[in-house]
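Notes for the structure review
Listed here are the chains, written in short residue letters.
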Amino acid sequence: MVLRREPTARQLRLGIELRRLREAAGLSAVEAAALLGANRVQMSHIETGLAGVSEQRLRRLASHYACTDEEFINALVTMATDRTRGWWEEYRGLLSTPFMDLSELDHHSRFQYNVAILFVPGLLQTEDYARAVYSTRIPALTEDQLELRVRHRVARRVIIDGPSPIPLDAVIHEAALRIMVGTRTTSRAQLTRILELSDAEHITVRVIPFDLEGFSWGSSTMAYLGGDVTKLDTVIRDTPTGAVYVDAEDQLSTYRARFQEVKAMALTPERSRDLIQRLAKEL
């Protein structure tokens, strides 16, 4: 069994889901390993994403765990057998693992919900806007580091403006639209870009205006990525020390509900466009 040096977020998630199934079945790692003719260490490697698992072994485990959700099992098999080497591979070794994980999660997502408070969501950013955002990083990036990150952020947009775009539903606070990121020209071009993208059938943009009462409870940025099945959805939260992935089923349910509430409080897409157009003219 060849061990991975650094499992991807998707590989880690597969291991986490297998561990959850085992624990729900009331089996220890030693007992589960015996079912595969393996040992506890090998089972640990599978459940921590350090080692892969074949479709045959995965289905055998699911059977022993009494999991009857075929759609979920099939989705796990897809995760276990996927060998996709996407566009992000050209950045491997140049950018840190979180960039690779985000790209892979993007690629496999079926839809995305975004809530943005201070910055325009990454998938909607122009190249100049992204460059201005990364230019404020502490410690400061070198020119090469900066350009790599900008190129990567622009490349991510393939999931919404490529040949097979996914649905994107974004709720953006007025603060993110008014904060001057970069030059006045950069900010105006960013607003124009949002308006252009919102014309697409698969992209919906709603704005939370400053004068909305009682919104403080929902003032947190998040990206919700839909998986092959609801159980495999992922929420990404940005923190000062990096991205945090949320995948517990009860928490996912909370974030889905929170997004729907924030969405319901926002302006309609039509009124949101009117507000964005007005802000662009003011610049």
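Overview of the overall build of the protein chain
- Secondary structure summary: the protein chain contains 13 helices and six strands in total.
- Here the protein chain has a C-alpha radius of gyration of 21 Å; the compact-globule value for 283 residues is 19 Å, and the two agree.
- On the principal axes, the C-alpha backbone points of the protein chain span a range of 70 × 40 × 35 Å.
- Counting over 283 residues, the protein chain shows a buried share of 48%.
- Pairs at least 24 apart in sequence give 73% of the contacts found in the protein chain among residues at least 6 apart.

Quick notes on unusual backbone geometry
- The residue Ala66 is not glycine, and still its phi comes out positive at about 60°.
- Locating Ala66 in the fold gives a position in the loop between helix 4 (55–64) and helix 5 (70–81).

A word on the pairing of strand 6 (residues 242–246)
- Of the pairings in the sheet, the one linking strand 5 (residues 234–239) to strand 6 comprises five bridges and is antiparallel in character. Counted as the bridge partner of Arg237 is Val244 from strand 6.
- Remark: two residues form the turn of the hairpin made by strand 5 and strand 6, two consecutive strands paired antiparallel.

Describing helix 1 (residues 9–24)
- If you check helix 1, its first and last C-alpha atoms are 22 Å apart, about what 16 residues at 1.5 Å a residue would give, namely 22 Å.
- Those residues of helix 1 lying buried are Ala9, Arg10, Arg13, Leu14, Gly15, Ile16, Glu17, Leu18, Leu21 and Arg22.
- The positive-phi residue at the C-terminal boundary of helix 1 is Gly26, with phi of around 75°.

Quick word on the nonpolar core
- By size, the foremost hydrophobic cluster in this structure holds 29 residues, and its most contacted members are Leu124, Ile172, Leu177 and Ile276.
- Those elements giving two or more residues to this core turn out to be helix 7 (127–134), helix 9 (158–161), strand 2 (168–173), helix 10 (174–178), helix 11 (184–197), strand 3 (203–208) and helix 13 (269–282).
- With residues near it in sequence (within four places) discarded, Leu177 still touches Ile172, Leu191, Ile194, Val207, Ile276 and Leu279.
- Within the second largest apolar cluster, 25 residues are counted, among which are Ala38, Ala75, Val77 and Met79.

Overview of the pattern of salt bridges
- Scanning all chains against the criterion turns up 25 salt bridges.
- Between Asp247 and Arg20 there is a salt bridge; the shortest N-O distance is 2.7 Å. With Asp247 in the loop between strand 6 and helix 12 (249–265) and Arg20 in helix 1, the pair connects residues that are 227 residues apart, well separated along the chain.
- Given the relative accessible area of 15%, Asp247 is considered buried.
- Among the residues examined, Arg20 registers a relative accessible area of 26% and is labelled partly exposed.
- The salt bridge involving Asp199 is made with Arg273; its shortest N-O contact spans 3.3 Å. Taken together, the positions of Asp199 in the loop between helix 11 and strand 3 and Arg273 in helix 13 put the pair 74 residues apart, joining distant regions of the chain.

With respect to the packing of aromatic side chains
- Scanning all chains against the criterion turns up six aromatic pairs.
- Taking 5.9 Å as the distance between ring centres and 85° as the angle between the ring planes, the aromatic pair formed by Trp87 and Trp88 counts as edge-to-face.
- Given a relative accessible area of 25%, Trp87 falls into the partly exposed group.
- Their ring planes at 10° and their centres at 6.3 Å tell us that Phe111 and Tyr224 sit as a pair that is stacked. Of the two residues, Phe111 is situated in the loop between helix 6 (97–108) and strand 1 (112–116) and Tyr224 in strand 4 (residues 222–225); the sequence distance between them amounts to 113 residues.
- Judged by relative accessible area, Phe111 falls into the partly exposed class, the value being 23%.
- Given a relative accessible area of 0%, Tyr224 falls into the buried group.

Structural notes on the sheet that holds strand 3
- With respect to topology, six strands assemble into an open sheet ordered 3-2-1-4-5-6, the strand pairing being mixed. The sheet is open, and its two borders are formed by strand 3 and strand 6, each paired with just one other strand. For this sheet the average axis-to-axis angle between neighbouring strands, irrespective of direction, equals 15°.
- As paired elements, strand 1 and strand 4 share four bridges and run antiparallel to each other. Within the sheet, the bridge partner assigned to Asn114 lies in strand 4 and is Ala223.
- Along the sheet face, helix 6 touches strand 1, strand 4, strand 5 and strand 6 and points at about 40° away from the line of strand 6.

What counts as what
Residues numbered from 1 in each chain as written. Predicted model: local features only at pLDDT ≥ 70, side-chain atom pairs only at ≥ 80, totals over all residues. Heavy atoms only, no water. Helix = DSSP H or I, 4+ residues; strand = E, 2+ residues; numbered from the N terminus. Rg over C-alpha atoms; globule rule 2.2 N^0.38 Å. Buried < 20%, exposed > 50% of the residue type's maximum accessible area, 1.4 Å probe, protein only. Contact = heavy atoms within 4.5 Å. Pairing = 2+ DSSP bridges. Expected span 1.5 Å × (residues − 1). Core = buried A, V, L, I, M, F, W, Y, C linked by side-chain atoms within 4.5 Å. Salt bridge = Lys/Arg side-chain N within 4 Å of Asp/Glu carboxyl O. Phe/Tyr/Trp six-rings, centres within 6.5 Å; stacked < 30°, edge-to-face > 60°. Axes fitted to C-alpha atoms, helices over the stretch in contact; angles between N-to-C directions.

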